[in-house]
Amino acid sequence: MTSELFSPLTLRSGQVLKNRIAKAAMEENMADDGQLPDWQLLSLYQRWAAGGTGLLITGNVMVHAEALTGPAGVVLDEHAPLEPFIDWAKAAKSGGGAIWMQINHPGRQVASDMPGVVWGPTDIGVSLGKHSSRFGKPTAMTPQQIHETVERYAVTARRAEEAGFDGVEIHAAHGYLLSQFLSPLVNKRTDQWGGSLENRARMLLDIVRAVRASVSSSFAVAVKLNSADFQRGGFGADDARQVIEMLAPLGVDMVELSGGSYESPAMTGRPADDRTQAREAYFLDLAKDLVKTSPLPLMLTGGITRRVTAEKVLDSGVSVLGMGTALAITPDLPERWRQGREADRSMRPVTWSDKALASAASMAQVRHQMRRLARGRRTKPGTHPAIALISERRKQQRALRNYRTWLAKPRGAKV
């Protein structure tokens, strides 16, 4: 069977994706000693590469060693050895698809027990009711810290290209640092980075310019952007439309649309907006509106599990569909679709009323499947979410001890 799903897509950079199916970023939290990729990540990406996906996007790779989304996060900065990343890129490209590195800074979304820094556009912390204490209290970034962070993104992108990656995706969604700057609820600054949308988007645009100037013209540069934050008074669909227009002249190849944050975890299938309560393609309604005016190719991620839904997404004008959980359960799903088959299993749903806890359990379930894939095992999507969450927290406690030890050591000279 053939369809637009399996047609190539040529991007502005000249890079050609072999089909329209992407493995969207999922935070693996599987770094080895030194916050580096090891055999587990290589094995995992080889599994995905063999499954027929045209584009693989890594989970968060952090640009700042002192600011991680989790203690087992991968760090690629000026000090990191490049060899493990070279091996990672080779493994991910072994199936003939492209590999992009998602690069990110957590900003204020840093656990309270993590060492390092907790930064934000202002000192407004993450609000999760009784779970708010899980996150550290942020300090407002100084202009110097903003400029240094822009440079960190550029360094990580340059080194990703040196390692053999085909592109980077700058993460400006899900409530992380750049999403925080875009949000009028979090960004209450009164200087050049606050106020109007143009000012709130300044840091993102400066990063895109710095990254584009640091890599070759054939290296892809993408941005992950919320279609909406799903918070009253927050970043909305019209803001997304305007930001996409701002990105268009800067050499961006594609914008991936998602939504939500820890405060409103729409990206895990628990959106706060009635229009996105569909079981699949959570953000398709918003994407349909954005695609009408977008000067850039759009990728849509969120809840896609069946070929009929994938076809519906492409029929809407979206150029690439992204899947996360579906590929964590069935890594060869694209090849199955090509053969006219579907996945034979699905993830056990998390129906807990506590949204923050349910979101954490959902992510733990996905990581449990990824670890099984990395070890060459068959996935077990029926694993109880409580078991997955307890196991995940134990692993994170061990990783936190390792991260604290690593961060306390002096690191080498600039590369």
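Residues numbered from 1 in each chain as written. Predicted model: local features only at pLDDT ≥ 70, side-chain atom pairs only at ≥ 80, totals over all residues. Heavy atoms only, no water.

### Here we look at helix 3 (residues 143-162)
Then step 1. Look at helix 3: 29 Å from first C-alpha to last across 20 residues, which is about the 28 Å you get at 1.5 Å a residue.
Then step 2. Contacts from the buried residues of helix 3 go to strand 7 (98-104), strand 8 (119-120), strand 9 (139-140), strand 10 (167-172), helix 4 (177-182) and helix 6 (202-214).
Then step 3. The first or second residue beyond helix 3 is G164, which carries a positive phi of 105 degrees. (Helix = DSSP H or I, 4+ residues; strand = E, 2+ residues; numbered from the N terminus. Expected span 1.5 Å × (residues − 1). Contact = heavy atoms within 4.5 Å.)

### Comments concerning the layout of surface pockets
Then step 1. Considered as a void within the structure, the second largest pocket measures approximately 620 Å³ in volume.
Then step 2. Those elements that provide at least two residues to the lining of the second largest pocket are helix 12 (355-374) and helix 13 (385-408).
Then step 3. In terms of residue count, the dominant contributor to the lining of the second largest pocket is helix 13 (six residues).
Then step 4. Residues of the lining of the second largest pocket, tallied by class, amount to ten nonpolar, seven polar and six charged. (1 Å grid on protein atoms, 1.4 Å probe; cavity = no way out; pocket = protein on both sides within 12 Å on 5 of 7 lines; lining within 4 Å. Points joined across faces, edges and corners; volume = space filled by probe spheres on them. Nonpolar A, V, L, I, M, F, W, Y, C, P; charged D, E, K, R; others polar.)

### Examining the packing of helix 3 against helix 6
Then step 1. The geometry of helix 3 relative to helix 6 is characterised by a closest axis approach of 8 Å and an angle of 35 degrees between their N-to-C directions. You can see that helix 3 and helix 6 cross each other, and the crossing is right-handed. Across from I146, T149, V150, Y153, A154, A157 and R158 in helix 3, the residues of helix 6 making contact are M203, D206, I207, A210, V211 and S214.
Then step 2. Grouping the amino acids of the contact of helix 3 with helix 6 by side-chain chemistry returns nine nonpolar, two polar and two charged. (Axes fitted to C-alpha atoms, helices over the stretch in contact; angles between N-to-C directions. Left-handed = near helix turned anticlockwise from the far one by under 90°.)

### Re the packing of helix 6 against helix 7 (residues 237-247)
Then step 1. For the pair helix 6 and helix 7, the least separation of the axes is 11 Å and the interaxial angle reads 30 degrees. When the interaxial angle is binned, helix 6 and helix 7 end up roughly parallel. For the pair helix 6 and helix 7, the sense of crossing is right-handed. Residue-level contacts link L204, L205 and V208 of helix 6 to V243, M246 and L247 of helix 7. (Parallel < 35°, antiparallel > 145°, perpendicular 65-115°, else oblique.)

### Things to note about unusual backbone geometry
Glycine aside, residues mostly have negative phi, and peptide bonds are mostly found in the trans state.
Then step 1. Positive phi values are uncommon outside glycine, yet Q35 reaches one of about 60 degrees.
Then step 2. Position of Q35 among the secondary structure elements: in the loop between strand 3 (21-23) and helix 1 (39-49).
Then step 3. Residue classification places Q35 among the buried residues on the basis of a relative accessible area of 4%.
Then step 4. Unusually for a residue other than glycine, H174 sits at a positive phi of about 60 degrees.
Then step 5. Following the sequence through the fold, H174 ends up in the loop between strand 10 and helix 4. (Buried < 20%, exposed > 50% of the residue type's maximum accessible area, 1.4 Å probe, protein only.)

### With respect to the packing of aromatic side chains
Then step 1. Taken as a whole and judged by the stated rule, the model has five aromatic pairs.
Then step 2. Centroid distance Y45 to W48: 5.0 Å. Interplanar angle 85 degrees. Geometry classified as edge-to-face. Placement of the pair is Y45 and W48 together in helix 1, with a separation of three residues, close to one helical turn.
Then step 3. A centroid spacing of 5.5 Å and a plane angle of 85 degrees characterise the contact between Y45 and W88, whose relative ring orientation is edge-to-face. One end of the pair, Y45, is in helix 1; the other, W88, is in helix 2 (residues 83-92), and 43 residues separate them in sequence. (Phe/Tyr/Trp six-rings, centres within 6.5 Å; stacked < 30°, edge-to-face > 60°.)

### Comments concerning the environment of V252
Then step 1. Following the sequence through the fold, V252 ends up in the loop between helix 7 and strand 12 (254-258).
Then step 2. Residue class for V252 comes out buried when judged on its relative accessible area of 0%.
Then step 3. Taking the C-alpha atoms as reference points, V252 and D289, 37 residues apart in sequence, are found 20 Å from one another.
Then step 4. Not counting residues up to four positions away in its chain, the partners in contact with V252 are R12, V208, V221, A222, V223, L247 and L296.

### So, the nonpolar core
Then step 1. Of all hydrophobic cores here, the largest spans 97 residues; its most connected members are F85, I170, M203, L204, L247, L321 and W337.
Then step 2. With seven residues, the top contributor of residues to this core is helix 6.
Then step 3. Those residues within four positions of W337 in sequence are excluded, and the remaining contacts are L5, F6, I21, I304, T305, R306, R307, A310, L321, M323 and E342.
Then step 4. Of all hydrophobic cores here, the second largest spans 15 residues; its members include L17, A22, A98 and W100. (Core = buried A, V, L, I, M, F, W, Y, C linked by side-chain atoms within 4.5 Å.)

### A closer look at the pattern of salt bridges
Where charged atoms from two side chains of opposite charge come close, those side chains can pair.
Then step 1. Applying the stated criterion across every chain, the model contains 20 salt bridges.
Then step 2. As a salt-bridge pair, R212 and D253 come within 3.6 Å of each other at their nearest N and O atoms. Remark: D253 occurs in the loop between helix 7 and strand 12 and R212 occurs in helix 6; sequence separation between them is 41 residues. Accessibility classification places R212 together with D253 in one group, the buried group.
Then step 3. The partner of D289 in a salt bridge is K292, and the shortest N-O contact between them spans 3.9 Å.
Then step 4. Assessed through its relative accessible area of 40%, D289 is described here as partly exposed.
Then step 5. One network of salt bridges, with partners in common, ties together E27, R367, R371 and E392. (Salt bridge = Lys/Arg side-chain N within 4 Å of Asp/Glu carboxyl O.)

### Some words on the side chain of T301
Then step 1. Looking at where T301 falls in the secondary structure, it is placed in strand 13 (residues 298-301).
Then step 2. The class for T301 is buried, based on a relative accessible area of 10%.
Then step 3. Side-chain polar atoms of T301 contact the side chain of E256, separated by 2.5 Å.
Then step 4. Filtering out sequence-adjacent residues up to four positions away, T301 remains in contact with A24, E256, L257, S258, F283 and G322. (Polar contact = N/O pair within 3.5 Å; in protein donor to acceptor, adjacent residues only side chain to side chain.)

### Observations regarding the environment of G324
Then step 1. Mapped onto the elements, G324 comes out in the loop between strand 14 (320-323) and helix 10 (325-329).
Then step 2. Classification of G324 as buried rests on a relative accessible area of 14%.
Then step 3. Along the backbone, G324 and W119 are 205 residues apart, and their C-alpha atoms lie at a distance of 28 Å.
Then step 4. Setting aside anything within four residues of it in sequence, one finds G324 in contact with A24 and M26.

Just distances and angles here, no functional claims.
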